[in-house]
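# Coordinate inspection notes
Single-letter residue listing:
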Amino acid sequence: MTRAVVLTGGVGGAKLVHGLIDVLPAQDVTAIVNTGDDFRHLGLHVSPDIDTLIYTLSGKANRTLGWGREGESWAFMQVLRELGGPDWFQLGDGDLALHVLRSLALAEGRTLSAVTADLADRFGIGCTILPMSDASVPTIIDSDEGRLEFQRYFVERQCRPSVRAIHFEGAVDAAPAPGVLEAIAEANMILIAPSNPFLSVDPILAIPAIRKALRERRAPVVAVSPLIGGQAVKGPTAKLMAELGLAVSNQSIARHYDGLIDGLLIDTGDQRDDPGVAVSACATLMKDREDKARVASQAISFATRLAQ
Ligand code: FO1
């Protein structure tokens, strides 16, 4: 039986997880999700990557926006704006209900992992969704506009500032969420989704016990490259790599995951410059359900080959 663990951020990662639960029994898939993007907004705890995953896996994701729910209404934002509230971060009316309930549960002392498990249940999701930690580990961007909280950089400033360094505040003291280390230990394959390695995967790897578990792993680790033809499918990956002084290449991606991965799944169009790990290629762009299932199957068979 395959027990697949996948480290994932938001949009790109959610597509791979969606593909995985099409090709594997959902209960054999565990997603360990980045929570470095989490932040408090209007007194609410927002967990963007967890919510993108929940909406994607339950078929409710807003495919145009890449976040939030489909068929959303915006009455809350309309009145918030009229009353002079901050409107740089859009909260749809349906999405708002999720943030209110999660914030209420956290205020009552429940953990993020317990609340996430409940929400996954309510959305009828069969795979396990684990936050990387129940502790708060906010991603902070050191930029040419100073120190920015992640969402201020990503949404308010639309990734325009030039990034000097990225910090994962509190990571060194943060414990993995319950079930994370067990899932990694029991996995017979570990996948790193095509999320932004620097903004969405690194926060997970910054949790010391998670990094250690991956170093001591028995199972093969396959990363799906977020680059296609030297460009990121979505988001600031290529711009960020250039700002960090890295060549925008699969070689840089493989080096970045130095020692933590056994294989890199790249796009067929990209040259196989030797990135120092085993390489497999397939069409990695995931536009629809079929694409997602294909990339998931390719990643699984690549990991299976590496396990032999
Ligand atoms: N991204 C935006 O670019 N603009 C928004 O107004 C916005 C609102 C939003 C609300 C809830 C949520 O879960 C995500 C939201 N996002 C928005 C996306 C979010 O910034 C990103 O999903 C991640 O943090 C990056 O992966």
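As a starting point, this report considers the structure included with it. (Residues numbered from 1 in each chain as written. Predicted model: local features only at pLDDT ≥ 70, side-chain atom pairs only at ≥ 80, totals over all residues. Heavy atoms only, no water.)

## Brief notes about the layout of surface pockets
There is about 990 Å³ of room inside the largest pocket. Lining the largest pocket are 48 residues; nearest its centre among them are Val11, Gly66, Trp67, Phe154 and Lys234. The class makeup of the residues in the lining of the largest pocket is 23 nonpolar, 18 polar and seven charged. Forming the boundary of the second largest pocket are 24 residues, of which Lys15, Thr56, Ala61, Arg63 and Lys292 lie nearest the centre. For the lining of the second largest pocket, the secondary-structure elements that each account for two or more residues are helix H1 (11–23), helix H2 (48–57) and helix H12 (289–307). Top element by residues in the lining of the second largest pocket is H1. It accounts for four residues. A class-by-class count of the residues in the lining of the second largest pocket yields seven nonpolar, eight polar and nine charged. (1 Å grid on protein atoms, 1.4 Å probe; cavity = no way out; pocket = protein on both sides within 12 Å on 5 of 7 lines; lining within 4 Å. Points joined across faces, edges and corners; volume = space filled by probe spheres on them. Nonpolar A, V, L, I, M, F, W, Y, C, P; charged D, E, K, R; others polar. Helix = DSSP H or I, 4+ residues; strand = E, 2+ residues; numbered from the N terminus.)

## Let's talk about the pattern of salt bridges
What the rule picks out here adds up to twelve salt bridges. In this structure, Arg147 engages Glu169 in a salt bridge whose closest nitrogen and oxygen atoms are separated by 2.5 Å. Here Glu169 lies in the loop between strand E8 (163–168) and helix H7 (180–186) and Arg147 lies in strand E7 (residues 146–149), a separation of 22 residues in the sequence. What makes Arg147 exposed here is its relative accessible area of 52%. Judged by relative accessible area, which is 39%, Glu169 ranks as partly exposed. Between Lys212 and Glu216 there is a salt bridge, with its nearest N and O atoms 3.1 Å apart. (Salt bridge = Lys/Arg side-chain N within 4 Å of Asp/Glu carboxyl O. Buried < 20%, exposed > 50% of the residue type's maximum accessible area, 1.4 Å probe, protein only.)

## Let's talk about the pairing of strand E6 (residues 139–143)
Most of E6 sits inside the fold, with four of its five residues counted as buried. Alignment of E6 against E8, held across five bridges, turns out to be antiparallel. Residue Ile141 lies in a different strand from E8, and its bridge partner there is Ile166. Bridge count between E6 and E7: four bridges; the pairing is antiparallel. If you follow Ile141 over to E7, its bridge partner there is Leu148. The hairpin turn running from E6 into E7, its antiparallel successor, is two residues long. (Pairing = 2+ DSSP bridges.)

## Observations concerning the nonpolar core
Core analysis: the largest hydrophobic core is formed by 46 residues, its most contacted members being Ile184 and Leu214. Ranked by residues supplied to this core, first place goes to helix H8 (residues 197–205) with five residues. Setting aside chain neighbours within four positions, we find Leu214 in contact with Leu7, Ile184, Ile190, Leu205, Val221 and Leu260. (Core = buried A, V, L, I, M, F, W, Y, C linked by side-chain atoms within 4.5 Å. Contact = heavy atoms within 4.5 Å.)

## Regarding the packing of aromatic side chains
Evaluation of the coordinates by the stated rule reveals seven aromatic pairs. A ring pair is formed by Tyr55 and Phe123, whose centres lie 5.9 Å apart and whose planes are at 70°; its orientation type is edge-to-face. Of the two residues, Tyr55 sits in helix H2 while Phe123 sits in the loop between helix H5 (112–122) and strand E5 (128–131), which places them 68 residues apart along the sequence. The pair formed by Tyr55 and Phe123 is uniform in burial state, with each residue classed as buried. (Phe/Tyr/Trp six-rings, centres within 6.5 Å; stacked < 30°, edge-to-face > 60°.)

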